[in-house]
Amino acid sequence: MSKTPKVAVVILNWNGKKWLEKFLPSVIETNYNTLEIVVADNASTDDSLAFLNENYPEITQIVLEKNWGFADGYNKALEKVEADYFVLLNSDVEVKEDWISPIIDQMEKDASIGAAQPKIRDQKQKELFEYAGASGGFLDFLGYSFCRGRLFDDLEIDEGQYNDPIEICWATGAALFIRAELYHSIGGLDGDFFAHFEEIDLCWRIRRAGYKIMVFPDSVVYHYGGGTLATSSPRKTYLNYRNNLLMILKNETGSKLLGILFIRLNLDVISSFKLLLDGEMKKFLAVYKAVFAFLFNFIKWYKKRQEMNKVINEIRIGSVRSEMIYSKSVVWQYFKNGVKIFNQLPDSK
């Protein structure tokens, strides 16, 4: 009889006492025999650690000496965690008792599944899919992200329409299941991202190594969203624009790379004027700061692309799973053709 694989649920915390108070009890109630719950603290200045020591002394703590951001915070923490599988879980996520087994069981059956996610619903309006993952993430050929159940800011009601487990392009960083050995061998999350798009970059690298990314909607979690950087933050705007370009630079095939980057840089400039017209001057400036930061560091990040290509080739188990990229423009379908629902996209999964 094979042993039950060990799973470590690792929650990265930064000044998130209110989220730990609200959602950690549901994680504690998880029904899984070989589970370790870890809170990695990113140098919080609130009383998160005092709260944990008083109320949950049995939970493993990893205390980081400074705020490394989402990406390197997890990298630093996971160096100290031993498990067969990691689950990177946001502190603002509510889970059900049986949320782990449906995913780990499938990953144990299929060694080609590198990472996976549960179905993500909105914790504030539980009948809705949630922005950061819904029922599986996708990219179009220009690098714009969308989900099965969410196109841009339009969230669908979950009526069971996306309950089938399918292969996807990226899995949400709010509740990311990943093989521990693969996480380390592929280099983990990219610390240059700090936060935003780092999980999509990781999943793209995993697919380039021949592994599958899956969504298993039998497992459901509820994400509050916006717990660290509010959507109104110019910093969030900066990271979203810069990191999306960086992700493309690192992962797009060489024959398409320059053409796609040229189109994206022009579209980013165009989109910045909508922010200006909406009176969002700080966000407008954040777009240009992001573009200049990307161009200024282009050579450095291109070298990182070359280094990562070598790593991917060393651990490859199959051909690149590029067919998961949506071949049309989701921007055109949404804004020009008025498509607001995932399964109404031409050639959607």
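Residues numbered from 1 in each chain as written. Predicted model: local features only at pLDDT ≥ 70, side-chain atom pairs only at ≥ 80, totals over all residues. Heavy atoms only, no water.

Enquirer: Which residues make up the overall build of the protein, and what values go with them?
Expert: When helices and strands are counted, the protein shows eleven helices and 13 strands. For a compact globule of 349 residues, the expected C-alpha radius of gyration is about 20 Å, and the protein comes in at 19 Å, within 12% of that figure. Each principal axis of the C-alpha atoms in the protein carries an extent, and together these give about 50 × 45 × 45 Å. Pairs at least 24 apart in sequence give 76% of the contacts found in the protein among residues at least 6 apart. When the accessible surface of the protein is summed, it comes to about 15,500 Å², and 53% of that surface belongs to carbon and sulfur atoms. (Helix = DSSP H or I, 4+ residues; strand = E, 2+ residues; numbered from the N terminus. Rg over C-alpha atoms; globule rule 2.2 N^0.38 Å. Contact = heavy atoms within 4.5 Å. Areas by Shrake-Rupley, 256 points an atom, 1.4 Å probe, with all protein chains shown as cover.)

Enquirer: How would you summarise helix H10 (residues 298-315) if you had to cite specific residues and measurements?
Expert: Look at H10: 26 Å from first C-alpha to last across 18 residues, which is about the 26 Å you get at 1.5 Å a residue. Looking only at H10, the buried set comprises Trp301, Arg305, Met308, Ile312 and Ile315. For H10, the angular spread of buried residues about the axis comes to 95°, placing them on one side. In H10, the exposed residues that point more than 90 degrees away from the buried face are Ile299, Glu307, Lys310 and Glu314. (Expected span 1.5 Å × (residues − 1). Buried < 20%, exposed > 50% of the residue type's maximum accessible area, 1.4 Å probe, protein only. Arc of directions from axis to C-beta.)

Enquirer: Now, about a nonpolar patch on the surface: what can you tell me, with residues and values included?
Expert: Residues Phe273, Leu276, Met281 and Leu285 make up a contiguous nonpolar surface patch of about 350 Å² in total accessible area. Of all the elements in the fold, those that place two or more residues in the nonpolar patch are helix H8 (254-277) and helix H9 (281-296). Mapped onto the elements of the fold, phenylalanine 273 is located in helix H8. (Patch = residues over 30% accessible without salt bridge, like charges linked within 9 Å, V, L, I, M, F, W, Y side chains within 5 Å. Salt bridge = Lys/Arg side-chain N within 4 Å of Asp/Glu carboxyl O.)

Enquirer: Account for the side chain of serine 135, with residues named and values stated.
Expert: The topology assignment puts serine 135 in the loop between strand S6 (113-122) and strand S7 (137-139). Of the residues examined, serine 135 reaches a relative accessible area of 0% and is grouped as buried. Not counting the four nearest positions on each side in its chain, serine 135 is found in contact with Gln117, Lys119, Phe129, Arg148, Tyr162, Val215 and Pro217.

Enquirer: Outline the pattern of salt bridges, supporting the account with residue identities and numerical values.
Expert: Inspection of every chain in the model, using the stated rule, returns 20 salt bridges. A salt bridge links aspartate 122 to lysine 124, with the nearest nitrogen and oxygen atoms 3.4 Å apart. The closest approach of N and O atoms between aspartate 347 and lysine 328, which form a salt bridge, is 2.5 Å. Residue aspartate 347 is located in the segment after helix H11 (330-336), and its partner lysine 328 is located in the loop between H10 and H11; the two are separated by 19 residues in the primary sequence. Salt bridges linked by common partners bring Asp190, Asp192, Asp201, Arg205, Lys250, Lys300 and Lys304 together as one network.

Enquirer: Could you give an account of the environment of alanine 40, with specific residues and numbers?
Expert: Following the sequence through the fold, alanine 40 ends up in strand S2 (residues 35-41). A relative accessible area of 0% means that alanine 40 is categorised as buried. For the pair formed by alanine 40 and valine 10, sequence separation is 30 residues and the distance between their alpha carbons is 6.9 Å. Other than its neighbours up to four places away in sequence, alanine 40 contacts Val10, Ile11, Leu12, Asn13, Ile62 and Ala77.

Enquirer: Could you give an account of the nonpolar core, naming the residues involved and the relevant values?
Expert: Core analysis: the largest hydrophobic core is formed by 84 residues, its most contacted members being Tyr74, Phe86, Leu88, Tyr183 and Ile206. Considering every element that reaches this core, the biggest residue donor is helix H7 (residues 234-251), with eight residues. In contact with phenylalanine 86, not counting residues within four places along its chain, are Ala8, Leu78, Val81, Leu176, Phe177, Ile178, Ala180, Tyr183 and His184. In this structure, Ile11, Val39, Leu89 and Ile120 belong to the second largest nonpolar core, which totals 32 residues. (Core = buried A, V, L, I, M, F, W, Y, C linked by side-chain atoms within 4.5 Å.)

Enquirer: So what's going on with the pairing of strand S13 (residues 212-223)? Residues and values would help.
Expert: Of all twelve residues that make up S13, eleven are buried, and the element is covered over most of its length. In this sheet, S13 lies alongside strand S5 (residues 93-95) in antiparallel orientation, the contact comprising three bridges. Its bridge partner being in S13, valine 93 is matched across the sheet by histidine 223. With eight bridges connecting them, S6 and S13 associate as parallel partners. (Pairing = 2+ DSSP bridges.)

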